[in-house]
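Observations on the three-dimensional arrangement
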4 protein chains.
Amino acid sequence: MRSDNNSGVSQEIMQAIIDENHGLSEAYGRDDVTKCSEDALKTLFENEDLKAFNLISGTAANSLIIATISPTFGAIFCHQHSHVYGDECGANEFQSGGAKLIPLKGHNGKISPLEIEDAMEEFVIGEAHHSQPSILSIANTTEAGTVYTPDEVHELSKVVKKHNLKLHMDGARFANAIAAVGCSPAEMTWRAGVDALSFGTTKNGTLGAEAAIFFNDTEDGSFIYRRMRSGHLVSKMRFISAQIIAYVQDDHWLTNARHANEMAMRLYQGINDTPGINFKYPVQSNLMFAEIDEGIREKLWADGFRFYTHKAAGVSNSRIVTAFNTDPGDIDRFVEVANA
Amino acid sequence: MRSDNNSGVSQEIMQAIIDENHGLSEAYGRDDVTKCSEDALKTLFENEDLKAFNLISGTAANSLIIATISPTFGAIFCHQHSHVYGDECGANEFQSGGAKLIPLKGHNGKISPLEIEDAMEEFVIGEAHHSQPSILSIANTTEAGTVYTPDEVHELSKVVKKHNLKLHMDGARFANAIAAVGCSPAEMTWRAGVDALSFGTTKNGTLGAEAAIFFNDTEDGSFIYRRMRSGHLVSKMRFISAQIIAYVQDDHWLTNARHANEMAMRLYQGINDTPGINFKYPVQSNLMFAEIDEGIREKLWADGFRFYTHKAAGVSNSRIVTAFNTDPGDIDRFVEVANA
Amino acid sequence: MRSDNNSGVSQEIMQAIIDENHGLSEAYGRDDVTKCSEDALKTLFENEDLKAFNLISGTAANSLIIATISPTFGAIFCHQHSHVYGDECGANEFQSGGAKLIPLKGHNGKISPLEIEDAMEEFVIGEAHHSQPSILSIANTTEAGTVYTPDEVHELSKVVKKHNLKLHMDGARFANAIAAVGCSPAEMTWRAGVDALSFGTTKNGTLGAEAAIFFNDTEDGSFIYRRMRSGHLVSKMRFISAQIIAYVQDDHWLTNARHANEMAMRLYQGINDTPGINFKYPVQSNLMFAEIDEGIREKLWADGFRFYTHKAAGVSNSRIVTAFNTDPGDIDRFVEVANA
Amino acid sequence: MRSDNNSGVSQEIMQAIIDENHGLSEAYGRDDVTKCSEDALKTLFENEDLKAFNLISGTAANSLIIATISPTFGAIFCHQHSHVYGDECGANEFQSGGAKLIPLKGHNGKISPLEIEDAMEEFVIGEAHHSQPSILSIANTTEAGTVYTPDEVHELSKVVKKHNLKLHMDGARFANAIAAVGCSPAEMTWRAGVDALSFGTTKNGTLGAEAAIFFNDTEDGSFIYRRMRSGHLVSKMRFISAQIIAYVQDDHWLTNARHANEMAMRLYQGINDTPGINFKYPVQSNLMFAEIDEGIREKLWADGFRFYTHKAAGVSNSRIVTAFNTDPGDIDRFVEVANA
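Residues numbered from 1 in each chain as written. Chains lettered and ligands numbered in written order. Predicted model: local features only at pLDDT ≥ 70, side-chain atom pairs only at ≥ 80, totals over all residues. Heavy atoms only, no water.

With respect to the relation of the copies chain C and chain B
One copy of the chain maps onto the other through a rotation about an axis plus a displacement along that axis. Under the fitted operation, chain C is carried onto chain B by 0.0 Å of movement along the axis and a turn of 180°, and the coordinates agree to an RMSD of 0.0 Å. In the structure described here, the two chain copies are related by an operation that fits a two-fold rotation axis. Of the C-alpha atoms belonging to chain C, the one lying closest to the rotation axis is found on Gly97(C), 3.0 Å away. The residues that chain C uses at the interface reappear at the interface of chain B in 100% of cases, marking a shared surface. (Least-squares fit on C-alpha atoms with pLDDT ≥ 70 in both. Contact = heavy atoms within 4.5 Å.)

Take a look at the structure:
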């Protein structure tokens, strides 16, 4: 329950890796499988013009996208609790050559159009003393475990366009957001105004495969060089590409995400009324935060359950994550122990 | 009244520049005058072990100091309205190779020890996902025009030391702070725990001369290379050095700063009770902020007075700055018009 | 025969990946398997004090090592045809924040002590206008396919130490060099004065696993942050670590490399006397360069053989690489066709 | 004779600085004088569409221009002995975020079209492993003291255009080149295909004033932000601008440069036939290199003459530079001592 990264690899994905291990193949993504993985994403997103680049980590996807679509003197708006702001050790500042990430508050982990308007007031466009606003980066699923609907994304995109920004979506848990909302990937992204997506799969059952996806001609031809010079062009790319193909095939990604979301809801329903447990945000995906009394935490810990608890200013905040292969029996046991 | 940068060069400083223009001299700071300017600063700060490096801009001083004493993956705490955070177009992120500036709130432009403690709670030391806190950067005079006392600086330095940070002071208006408090430069800096100081002179009567000053062996030998590769090693350095010598000679710098502060106080006393004028922060230096009714602003503007007014969320904020050569008659006229 | 990257994954390595896929495990390298992989490298290198960090690409290993052991204003000596100089799209300049790579000539792809002495004469230590020499980076196996002996490395290390440089070895084909020389990994590296090694495995049978290895306390604690902020901390690290463990187990790495080297020697012996084929450098590993007449090249191509041929100034240069799984029958067929 | 940077400021320039010191003026280059200085350069270069940005150092001009017109993954061709390559401590790599400078040999300090063609053969356009050639940077006057004619520049520009590069000219001693050739600034630059010029004045009589000049719409709007975030937007810009205006007024710059060039020629003619003195390159500007016997050097040194002598591989190389205010009597004395 600590992190969806702790889970291993689904059988379907592992089989795809094994099956890919035959014969010789062009290295560095010049192979046919990599071509196919981009085609698979075009089909999934109903968009023949997107460009997709396979990568090995979500931080690579986020930071390389941001470096590609922001000037080096840009300002990127993001949530104060977002991964790009606080959990990538300055990756976005580094890859972009010193762009500035501006933290916004945002209720329930979600940024509102008004907050962007307020943030814009601090910047004078064309004034050399100011970093120049370039991107709004949102995460969907958010770091609070909440989910933006396509309509909400679209509302943000209007403000984004008004101010000539680009809209980036960190989709480390994109599948969980889609599973939660029930819309299509296209509706959640380019049709709602998203310019670039970090398409994550690793938290949802692959060994390690992420894709930087650009819509709307926002990729200027520099990505392949940025990827190489940051050490992110892996030689045996086809093994990443094969994972992506298997991931989107036969709704494998959605099946995995739906299961994870269901397990979260099952847990939520089981402990929401438990005295000593208070959920911080609406539970909408596979990621939950709750204040849990120390006594309950100790019981869970003693029973073998592991999860992060962050303490600050006398308040604790526990982070519970379900995964594609979470056992319902484990959820039920968690509920049982918590309520004991 | 718009900015102390708009004022020219004092007669003493200009004469020093003229006097320096004779014969040949070693370029790039290898000359005797530059050696003398460092000695003059050692005397002024009562510290034989400091290292001082002359520069042409305050942003260069701030960002090169920060790049020198922070790792490239560091986090620098600063005020949300500070120059290093919001008015240097990302210079500190750039020079440091991607370090992160963390904005703190801070009442009246001043950061409190508690705010640092709170900010530290967001970072886990040794956790690779987190930028590692490295510096507290305060400005004295602050961007609100308020002034830290040596005691306040000392209190901050205790928290700084506790967390193994370094303490940087942006002294773009250092002279005004010293003039306001009446302490010695040593008391305000290294004796209070400051590790590095951006010693500004340009806003207080020089043509262009700043110094990056390091106390406590915090300079690791890299500064001369960082200065050169950022294009900040000027060839005819002696003309900068001569300004610094003249600046600290015979209390010229203090005389200038006291005058500017007095002019500010004269203005404050003249309009503090004026209906339609509300000062935002205590007036302690040569920099003031006030909400001024539009009618009054229009009268002042019509009479030739110029100052910035920032409007956001329906509230205006006018920034008034006096300088070493502000004419008392102009202050009196300002007061007269405002009260008319 | 185009590249050892084109080969797939050995059965032993693939099995290790499959076996690793069970239960939950800490993400981001905090797991036990990753601890074991470092231990395995300590044993292999007979060095309990080394530090090893797993990565996904050789360019990441090279550039992160260089950024860690060079100041940002450093100068890194390397061969003009080396991968770090010409085939990483400026990765080392990027990761280091602007360090400078200085190309040296070097007979047969190998740099001599004298060439370093000559190169040093262009730099004045302590002179701010000059990048400051910080590293000698050699590749072993070299990009010419030749191999440094431990004695040769040791001779280089003397010059390196004399000038206070660090010695980095790019070991993308480290196994082939060890197999060629027949010495121990320790003899080739830290006992010969190497400070840091890019330990490559991907070209020799793994799916994707490299390690940055530091000897002699040259790692200052910054590597984990540099790895994270460049997006190279993969979440399911244990799958990389498992590959490294299997790679060094039971001499699997040496078995693979010996086979590749033998295949190269078999090819060399079969075509060395062929009219129209001239080898450029001594054949010592699994990498060979030869000028091959167009007629012969066309015959080989028609028979299905693929390899790169670089043409410049009227001269062609073909690059032939054997791998851990090269079929001897293919070599014999290549010889047959070339001699037909 | 050590460096033209060692000379002071001409009377005309100093007077311009003094005259500029009156009243209030907008800071940060928003003043009228700065507008006039750009206009003066437009007139001088007969080009209403150029964009000029004032700076304080030649390294700032070079590196900011290169960062503006090269992608961050670019390769910049330059002479192996050029200032941008070897004397700026990696400034161009730093400002550009890691672009690569490629050293070319070039007879007499001048690069030939053929050398560019040869260098291009090492790069595959569109290949992600390779830095992508972006700029040819030449110096005029070169670091050997030789001068390109407009025809030579034009020939280079043809190769440059053929390969979609940009042509940058480092004009730290631009005035001396123009004085030597007798052409117009326009003929030497944009009419010959130059895209951007570092227009130096500091070595030729100003206190400190350089301009980055862009022709042919090569500036994309990013320069003002790059200048600010690197700390190069000086607050009292008008004092730099006033120098540039005075510099180009009444041919002051040409008068200065012609004098320096004449002094060099006078020296050359006086010692060219002296046994024990061998000039390395044709003497065409104010910068000369000669092998001078140790005995002669000692006599000159004893007589008070100072100049750099670089020794490598048993050969000495003395660098002699004349300036706008070099005394003919000193030249004659130098000749007398050398021939004594």
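Alright, that's what it looks like, and here's the rest.
Structural notes on the pairing of strand β4 (residues 132-139) of chain B
Residues and elements named next belong to chain B. Judged by how many residues are buried, β4 sits mostly within the fold: eight of eight residues are covered. In the sheet, strand β2 (residues 74-79) pairs with β4 via five bridges, with the strands oriented parallel. Bridging across to β4, alanine 75 finds its partner in proline 133. As paired strands, β4 and strand β5 (residues 166-171) are joined by five bridges and run parallel to one another. (Buried < 20%, exposed > 50% of the residue type's maximum accessible area, 1.4 Å probe, protein only. Helix = DSSP H or I, 4+ residues; strand = E, 2+ residues; numbered from the N terminus. Pairing = 2+ DSSP bridges.)

Some thoughts on the interface of chain D and chain B
Each side of the interface is counted separately: chain D has 48 residues, and chain B has 48 residues. Counting the surface lost from both chain D and chain B, the interface buries some 3,900 Å², and carbon and sulfur atoms represent 56% of this. The largest share of the area that chain D buries against chain B comes from Phe94(D), Arg229(D) and Lys236(D), three residues that together contribute 20% of it. Here chain D and chain B share zero salt bridges between them. The interface formed by chain D and chain B contains 13 residue pairs in polar contact (both at pLDDT 80 or more). Going through the elements one at a time, α1 (11-20), α3 (58-69), α5 (91-95), α10 (223-229) and α11 (238-248) of chain D are the ones with two or more residues in the side of chain D that touches chain B. For the side of chain D that touches chain B, the element with the highest residue contribution is α1(D), accounting for four residues. (Buried area = accessible area lost by both parts, 1.4 Å probe. Salt bridge = Lys/Arg side-chain N within 4 Å of Asp/Glu carboxyl O. Polar contact = N/O pair within 3.5 Å; in protein donor to acceptor, adjacent residues only side chain to side chain.)

A few points about helix α14 (residues 328-339) of chain B
All names here are of chain B. Under the 1.5 Å per step criterion, the end-to-end length of α14 is 17 Å for 12 residues, consistent within 8% with the ideal 16 Å. Considered for burial, the residues of α14 that qualify are Ile331, Phe334, Val335, Val337 and Ala338. Axial view of α14: buried residues confined to an arc of 165°, hence all on one face. Residues of α14 that are buried sit in contact with α12 (252-271), β8 (277-279), α13 (294-302) and β11 (315-321). The distance from a side-chain oxygen at the start of α14 to the backbone nitrogen of glycine 329 is 2.7 Å, and the residue carrying that oxygen is aspartate 327. (Expected span 1.5 Å × (residues − 1). Arc of directions from axis to C-beta.)

Observations concerning the packing of helix α2 (residues 32-44) of chain C against helix α11 (residues 238-248) of chain C
Residues and elements named next belong to chain C. α11 packs onto α2 with a crossing angle of 30° between their chain directions and a minimal axis gap of 8 Å. In terms of their interaxial angle, α2 and α11 are classed as roughly parallel. Regarding α2 and α11, the two cross each other, and that crossing is left-handed. Within the contact between the two elements, α2 uses Val33, Thr34, Cys36, Ser37, Ala40, Leu41 and Leu44 and α11 uses Arg238, Ser241, Ala242, Ile244, Ile245 and Val248. Among the residues forming the contact of α2 with α11, the class breakdown is nine nonpolar, three polar and one charged. (Axes fitted to C-alpha atoms, helices over the stretch in contact; angles between N-to-C directions. Parallel < 35°, antiparallel > 145°, perpendicular 65-115°, else oblique. Left-handed = near helix turned anticlockwise from the far one by under 90°. Nonpolar A, V, L, I, M, F, W, Y, C, P; charged D, E, K, R; others polar.)

Description of the domain arrangement of chain A
Residue and element names in this part refer to chain A. Taken domain by domain, chain A comprises domain 1 (4-250) and domain 2 (252-339). Between the C-alpha centres of domain 1 and domain 2 there is a distance of 27 Å. In this assembly, 31 residues from domain 1 lie in contact with 22 residues from domain 2. Roughly 2,000 Å² is buried in total at the junction of domain 1 and domain 2, and carbon and sulfur atoms are behind 58% of that figure. On inspection of domain 1 and its partner domain 2, the count reaches zero salt bridges. At the boundary of domain 1 and domain 2, one finds 12 residue pairs in polar contact (both at pLDDT 80 or more). Only α1 (11-20), α8 (174-181) and α11 (238-248) provide two or more residues apiece to the side of domain 1 that touches domain 2. For the side of domain 1 that touches domain 2, the element with the highest residue contribution is α8, accounting for six residues. (Domains from an automatic or database assignment.)

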